[in-house]
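Commentary on secondary and tertiary structure
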Amino acid sequence: MSDSTTTKLPKDTAAEKGMVNIQVDGHWIQVPRGTRMIEACKLAEKEVPHYCYHPKLSSPGNCRMCLVQMGMPPRPNPGEEPSYDENGFQKISWMPRPVIACANTVAENMGIRTKGDLVEKCREGVMEFLLINHPLDCPICDQAGECGLQEFSVQHGKGSSRFKEDKVKKPKNVKIGPRIRLDDERCIMCSRCIRFMDEVAQEPVLGFSERGTHTTVGVYPGRELDNNYGLNTVDLCPVGALTSNDFRFQMRTWFLKETPSIDTNCGTGANIIIWTRGNKIFRVTPRQNDDVNSCWMPDSHRLSYTCPSHDNRLSAPLIKADGVHEETCWSNSIAAAGEAIKQFEGNEIAIIASGKQTNEELFMMRTLAAELSTDLISIIPHTQESDKMLISEDRNPNTTGAGLILGLDDPTEKLAAIKDGICNGSIKAVIAASEDLLDAGFSADDIDGLELLISIFNTTNATAQASDIVFPGASSAEKRGSMINVTGRLQKLNAACIPPADARDDWEIISDIILAITGETPEQAPLSIDQLSEIISNNIPQLEGKNLANISELGEVIIDTNVTIPLLDRETQRIAQGEIVG
Amino acid sequence: MAIIKIKRPQLTIAEKLYLPAVIKGLSITLGHAIRAVLGKTPGAKRNFNSSGMGITMQYPETKWDDQLPDYYRGVPALVTDEKGRERCVSCQLCEFICPPKAIAIIPTEIESDDPWAKVEKRPQVFDIDMTRCIYCGMCEEVCPEQAIYLRQDYAMTGLSRAEMVNDKERLYEIGGVREGLVNKWNEIK
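Keep in mind that this is a model prediction, so the values were computed, not measured.

Secondary structure summary: chain A contains 16 helices and 24 strands in total. Seen through its principal axes, chain A has C-alpha atoms that stretch 95 × 65 × 40 Å. Of all intrachain contacts in chain A linking residues separated by at least 6 positions in sequence, the fraction that spans at least 24 positions is 67%.

Next up, the structure:
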């Protein structure tokens, strides 16, 4: 190019931005320097099939599925100037052998071919090798439907096997931990689980033994895969080698509906997908959010979901008559609650809200407190040691939101006053939602001493047993709403199921109680959760313009709390060190 | 495109009167009636196992069960193989493919002390709602384990909706044993 001295070449303009020019399947794009080839192909929207590569784990490059053809400009002879075409790019000389896209980084003027004879042949070959010893287990395999091997064998596999010999026998149905089953015959040696346990869970109990075709994944002798993050290996496993005992043989994945939501077991608010069929929850899996939970979630939280079909669910409003709870209808119970509350003065009533409630429900609780002109409203703190991974010290999912909505720096600050008031008898009525008071440091005597206890729960418990009126509420998987996690991130819950029988969304119940007290007509209350969310965004300055309709699935930070999530800190460090892509 | 003009057919007087055509029809019917009474309907006894009173079969006194072709699609049922193993592994593909959603399966794990524990999975509940079934045979076609077949039975009756649901036990009773199927869960496996 004659004017190469006067005009800047693409390589120079890219270099100024820290980028490089690469050609993917004939198209030139710019990607950041140091990008892995597989990520560059992803940016170019070209799929590169892979099994062992995972952006959050190191890249050993052992599945060989991501082979692509690579080319670079030829090295100039001594004294020869590189020549550029009319677009300013050098000619690419294609290498005769493929390279793995997952562990190689891009370079200036590099060419990548994700299609073509060489690449297709490589994939077909790798696929055939992977399937040689793979059992024909698909009809009984839980992974079927979301199996990498199934997907890519449709694209790159053969219709029939050329392998006439006997397949290698390996251990099947091995209980390698309390929650996980291993099938070694299905394993394709991608080592994702091994790397996860080593690098993320930091408890390297898994490893390969034997050699060649007899290579077997196993657990260290005398140890178990009982880490609280162990079930993430099941999600990571691209085939059905690792399966979860909880979900094992429960339902084929293609019947399940995915609902993105958030975990409500601790303040981290891990992003999750709730998998349901009909009105039953079958499993909960983590959803990637690099600012909250990366790709992982703890087993303890994953397995503690409340399903509408559980036996301990409350399904109808209950009123206690002569010490026995009787089922009643909504209109009766709401009217009874309204009448009963009106018997008391404002300062005789305390409201126990909960850090497990959504912002919308807390706002209704605040409105209720204002209607009753009581300032005795508090949430109950639940703190336990953090596991220095994803589980926050704060086991309430919405403490930050409660502080914001109730307008208190510490939403638990009134709790001591409420406890004293109940003890000395100045508080005679309590309205409690989603909190078992007996668990929260109230004594049974205190509760028995109350003249009125109204509660909203989704499952039975001792406080519900002691309540005069019990309203059946919705579980976290059954409601829409927003919560703010410990890092100040506003996130959204979505309803995956509908509440069982007569149970209703909590905010509707509180709204109806308020109407019963004030005697207003239903039109004066918010008619839908979206309308309520709109009212909140108009009332709380920090939530201005944020309603349920426009909170993204990944949420957004609205408060600066200076809290960080230990696992993410380590991940950031590893990305900075270039160990993982991130 | 060229327009083709069609000329109306010219009817003869006999055709315009209609009566000759009516009489022709009646005479065919009458001819069949006479032959039926005389027991001379061609193939009635031999091919259709009828009473001889014409081609009409006197169902249910007479049935054409032995005339059913092999490919006849009757009641779907589960089969066991010659080793007595229930072939269904509850992969739920039939439930998925079933157009009227007649099939409902709840899978379960085979206990480790069971002789077929290596199969790992079997149906705990397998219901086919015969008020929904349309006898399309998709379940048989989709089954990867050769476990479900449409049998020759067609007279499926019941006095209530619940009775019309074939449960697992009933399905194995209808299906019976089928020999010579692919032995996938063999000794090498």
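Helix and strand content of chain B: 6 helices and 5 strands. Reading the secondary structure of chain B in the N-to-C direction produces α-α-α-β-α-β-β-α-β-β-α. In summary, chain B has a C-alpha radius of gyration of 26 Å against a globular reference of 16 Å for 189 residues, an excess of more than 25%. The burial tally for chain B puts 22% of its 189 residues in the buried class.

Residue and element names in this part refer to chain A. Pairing is antiparallel in the open sheet, where 3 strands are placed in the order β7-β8-β11. If you trace the sheet from one side to the other, it starts and ends with β7 (174-175) and β11 (242-244), each paired once. Two elements, strand β8 (residues 180-182) and β11, share 3 bridges in a ladder whose sense is antiparallel. When the sheet's bridge partners are listed, L182 is paired in β11 with L242.

On to unusual backbone geometry. Within the chain, E45 of chain A stands out as a residue other than glycine whose phi angle is a positive 60°. Relative to the helices and strands, E45 of chain A resides in the loop between α2 (37-43) and β3 (67-72). With a phi angle near 50°, Q146 of chain B is a residue other than glycine that sits in the positive phi range. Along the chain, Q146 of chain B falls in the loop between α5 (138-142) and β4 (148-150). Residue Q146 of chain B is classed as partly exposed on the basis of its C-beta count, with 16 C-beta atoms lying within 10 Å.

Turning next to the domain arrangement of chain A. It is common to give the size of an interface as the accessible area that goes away when the parts come together. For chain A, the domain assignment lists domain 1 (2-115), domain 2 (135-255) and domain 3 (318-561). Of note, the centres of domain 1 of chain A and domain 3 of chain A, computed from C-alpha atoms alone, are 56 Å apart.

As a further point, take the pairing of strand β15 (residues 318-321) of chain A. Residues and elements named next belong to chain A. Examined bridge by bridge, β15 and strand β21 (residues 469-472) share 2 bridges and lie antiparallel to one another. Its bridge partner being in β21, L318 is matched across the sheet by V470. Relative to strand β16 (residues 324-327), β15 runs antiparallel, the two sharing 4 bridges. Across the sheet, the residue bridging to I319 is E326, located in β16. Taking the residues between adjacent antiparallel strands as the criterion, β15 and β16 are bridged by 2 residues, where D322 takes a positive phi near 55°.

Further remarks concern helix α15 (residues 529-539) of chain A. Residues and elements named next belong to chain A. For α15, the complete set of buried residues consists of I529, L532, S533 and I536. Down the axis of α15, the smallest arc covering the buried residues is 100°, so these residues share one side. Structural note: α15 exposes Q531 and N538 on the side pointing more than 90 degrees away from its buried face. Where α15 is buried, its residues contact α9 (359-371), β22 (481-484) and α14 (506-518).

Take the sheet that holds strand β20 (residues 452-457) of chain A next. All names here are of chain A. Across the sheet, 7 strands lie side by side as β16-β15-β21-β20-β19-β17-β18; this open sheet has mixed pairing. Two strands in the sheet have a free side with no partner beyond their single neighbour: β16 and β18 (377-378). Two strands pair when backbone bridges link them, and β20 and β21 are joined in this way by 4 bridges, in the parallel orientation. Residue pairing in the sheet places I454 in a bridge with I469 of β21. Across the sheet, helix α8 (residues 330-342) touches β15, β17 (349-352), β19 (429-433), β20 and β21, and the angle it forms with β21 is around 135°.

Moving on to the interface of chain A and chain B. Taken together, the contacts link 9 residues of chain A with 14 residues of chain B. For the side of chain A that touches chain B, a count of residues per class yields 5 nonpolar, 1 polar and 3 charged.

The next point concerns the packing of α9 of chain A against α15 of chain A. Residues and elements named next belong to chain A. Viewed as axis vectors pointing N to C, α9 and α15 meet at an angle of 70°, and their least axial separation amounts to 10 Å. The angle between α9 and α15 falls in the class roughly perpendicular. Two packed elements cross with a definite hand, and for α9 against α15 that hand is left-handed. Where α9 approaches α15, its residues N359, E360 and F363 are matched on the opposing element by I529, L532, S533 and I536. Grouping the amino acids of the contact of α9 with α15 by side-chain chemistry returns 4 nonpolar, 2 polar and 1 charged.

Let us look at the nonpolar core. Grouped together as the largest cluster of nonpolar side chains are 143 residues, with contacts concentrated most on C66, I351 and M365 of chain A. Those residues in contact with C66 of chain A that sit more than four places away from it in its chain are I38, V48, P49, H50, Y53, I100, A101 and C102 of chain A. Membership of the second largest hydrophobic core comes to 28 residues, among which are I140 of chain A together with L78, C94 and A147 of chain B.

Glancing now at the confidence of the model for chain B. For chain B, per-residue confidence averages 89 on the pLDDT scale, and 91% of positions sit at 70 or higher. Listed scores for the predicted complex are pTM 0.90 and ipTM 0.86.

Residue and element names in this part refer to chain A. It is at 10 Å that the axes of helix α3 (residues 117-132) and helix α4 (residues 148-156) come closest, and there the two elements cross at 135°. Taken together, α3 and α4 sit at an angle that is classed as oblique. When the axes of α3 and α4 are compared, the crossing they make is left-handed. Contacts from R123, E124, M127, L130 and L131 of α3 reach α4 at L149, F152, S153 and H156. Its residues assigned to classes, the contact of α3 with α4 comprises 5 nonpolar, 2 polar and 2 charged.

Next up on the list: the environment of R570 of chain A. Mapped onto the secondary structure, R570 of chain A falls in helix α16 (residues 566-576). For the pair R570 of chain A and G125 of chain A, spaced 445 residues apart in sequence, the C-alpha to C-alpha distance is 38 Å.

We now examine the environment of P221 of chain A. Residues and elements named next belong to chain A. Summarising the element assignment, P221 is placed in the loop between β10 (216-219) and α6 (232-236). Given 6 C-beta atoms within 10 Å, P221 falls into the exposed group. Along the sequence, P221 and L206 sit 15 residues apart, while their C-alpha atoms lie 9.7 Å from each other.

The next thing to look at is the environment of L78 of chain B. Residue and element names in this part refer to chain B. Take L78: it is sitting in strand β1 (residues 76-78). Assessed through the 26 C-beta atoms surrounding it within 10 Å, L78 is described here as buried. As for L78 and A21, which are separated by 57 residues in sequence, their C-alpha atoms are 54 Å apart. With sequence-adjacent residues up to four places away left out, L78 is seen in contact with E86, C88, F126, A147, I148, L171, Y172 and G175.

Thresholds applied
- Every chain is numbered on its own, with residues counted from 1 as its sequence reads.
- Starting at A for chains and at 1 for ligands, labels are handed out in the order in which the entities are written.
- Reporting of local features is limited, given that this is a predicted model, to residues whose pLDDT is at least 70; pairs of side-chain atoms are given and counted only at 80 or more, and all residues count toward the totals for whole chains, interfaces and linings.
- Secondary structure elements are taken from DSSP: a helix is a run of H or I of four residues or more, a strand is a run of E of two residues or more, and numbering for both begins at the N terminus.
- Contacts are defined on C-beta atoms placed from the backbone: any two residues whose C-beta positions lie within 7 Å are in contact.
- The size measure is the radius of gyration over C-alpha atoms, and the globule rule it meets is 2.2 Å times the number of residues to the 0.38 power.
- The burial label depends on the number of other C-beta atoms within 10 Å of a residue's C-beta. Counts of 20 or more mean buried, 12 or fewer mean exposed, and intermediate counts mean partly exposed, with C-beta atoms placed from the backbone.
- Criterion used throughout: strands pair if DSSP finds at least two bridges between them.
- By convention here, the domain bounds are inherited from an automatic or database domain assignment.
- The directions considered for the arc are those from the helix axis to the C-beta atoms.
- Structural elements are reduced to axes, namely lines fitted to C-alpha atoms, with helices fitted over the stretch in contact, and the angle between N-to-C directions of any two is expressed from 0 to 180 degrees.
- Note that Gly is not counted as nonpolar here; it falls among the polar residues with everything else outside the nonpolar set of Ala, Val, Leu, Ile, Met, Phe, Trp, Tyr, Cys and Pro and the charged set of Asp, Glu, Lys and Arg.
- By definition in this entry, angles of less than 35 degrees are roughly parallel, angles greater than 145 are roughly antiparallel, angles of 65 to 115 are roughly perpendicular, and the rest are oblique.
- Definitions for this section: a left-handed crossing has its near helix turned counterclockwise from the far helix by less than a right angle. A right-handed crossing has that turn clockwise.
- Each nonpolar core consists of buried Ala, Val, Leu, Ile, Met, Phe, Trp, Tyr and Cys residues. Their C-beta atoms, within 7 Å, join them into a set.
- Per residue, pLDDT captures the predictor's confidence, and it can take any value from 0 to 100.

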